[in-house]
Amino acid sequence: MDEPRWLDEREDRAWRGYRRMRRLLDLELARELTQDAGLSEPDYDVLSDLSETPDQRLRLSELADRMLWSRSRLSHHISRMQQRGLVTREECATDGRGSVVALTPAGRRAIEAAAPGHVAAVRRHLIDLLTAEEIAALGALTHRVVDHLTDRATPEA
């Protein structure tokens with residue numbers, strides 16, 4: 001068995017800093033979103049994904065894939081959102097086994113009310129702390145890692 005390639009001091013500092021930043025940033029953004037808009041992060045993700053589609057609806061399976069959630073977990077979450085009037089669930093016209101999640105007018109109002117504050121929080125806690133060069137570097141490195149992990153998740157890889 002090969003010897004592990006341990007992280008050197010510089011790599012370890014970067015890795016630990018990234019993990020701590022991610023946890024703190026996620027925690028603060030979630031706290032502000034709940035406090036200011038009464039939405040959880042998953043609520044916001046569902047509503048924003050739906051609001052960005054031309055007909056404001058997505059198959060449950062596609063939405064689950066976007067959120068990296070199981071269909072079962074998302075289905076339970078969608079049921080709770082339905083009870084709050086934010087989304088509806090419809091049968092899929094092309095597949096009787098599938099369902100489609102659709103944004104309601106109340107869901108549209110909720111995402112429109114939440115988005116400005118959420119974007120302001122993202123700016124305040126991340127974007128505005130970085131230089132233009134750092135933002136470009138962050139974009140490049142996050143896309144490189146996402147592309148790597150996405151390629152690994154495909155059956156062909």
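Each value, and the rule that gives it
- Residues numbered from 1 in each chain as written.
- Predicted model: local features only at pLDDT ≥ 70, side-chain atom pairs only at ≥ 80, totals over all residues.
- Heavy atoms only, no water.
- Core = buried A, V, L, I, M, F, W, Y, C linked by side-chain atoms within 4.5 Å.
- Buried < 20%, exposed > 50% of the residue type's maximum accessible area, 1.4 Å probe, protein only.
- Helix = DSSP H or I, 4+ residues; strand = E, 2+ residues; numbered from the N terminus.
- Contact = heavy atoms within 4.5 Å.
- Axes fitted to C-alpha atoms, helices over the stretch in contact; angles between N-to-C directions.
- Parallel < 35°, antiparallel > 145°, perpendicular 65-115°, else oblique.
- Nonpolar A, V, L, I, M, F, W, Y, C, P; charged D, E, K, R; others polar.
- Phe/Tyr/Trp six-rings, centres within 6.5 Å; stacked < 30°, edge-to-face > 60°.
- Lys NZ or Arg CZ within 6 Å of the ring centre and 35° of its normal.
- Patch = residues over 30% accessible without salt bridge, like charges linked within 9 Å, V, L, I, M, F, W, Y side chains within 5 Å.
- Areas by Shrake-Rupley, 256 points an atom, 1.4 Å probe, with all protein chains shown as cover.
- Salt bridge = Lys/Arg side-chain N within 4 Å of Asp/Glu carboxyl O.

## Examining the nonpolar core
Of all hydrophobic cores here, the largest spans 22 residues; its most connected members are V46, L47, L63, L74, I78 and V87. Mapped onto this core, the elements with two or more residues apiece are α2 (41–51), α3 (60–67), α4 (71–83), β3 (95–103) and α5 (105–125). Residues within four places of I78 in sequence aside, it is in contact with V46, L60, L63, V87, R89 and V101.

## Some details on the packing of α3 against α4
In the contact formed by α3 and α4, the axes pass within 9 Å of each other and the chain directions differ by 105 degrees. In this view, α3 runs roughly perpendicular relative to α4, as classed from their interaxial angle. Residues L60, S61, L63, A64, D65 and M67 of α3 form the contact with α4, whose participating residues are R71, L74, S75 and I78. Taken together, the residues of the contact of α3 with α4 break down into six nonpolar, two polar and two charged.

## Here we look at the packing of aromatic side chains
For the coordinates displayed, the defined rule picks out one aromatic pair. Lying across the ring of W69, R73 places its NZ or CZ 3.8 Å from the centre.

## Here we look at α2
Taken across its 11 residues, α2 has eight buried, putting it largely inside the fold. For α2, the complete set of buried residues consists of D43, Y44, V46, L47, S48, D49, L50 and S51.

## As for a nonpolar patch on the surface
Taken together, the side chains of L7, W15, Y18 and M21 present a nonpolar region at the surface, about 400 Å² in accessible area. In this structure, L7 sits in the segment before α1 (9–37). Looking at L7, the relative accessible area reads 47%, which means it is partly exposed.

By themselves, these figures tell us nothing about what the structure is for.
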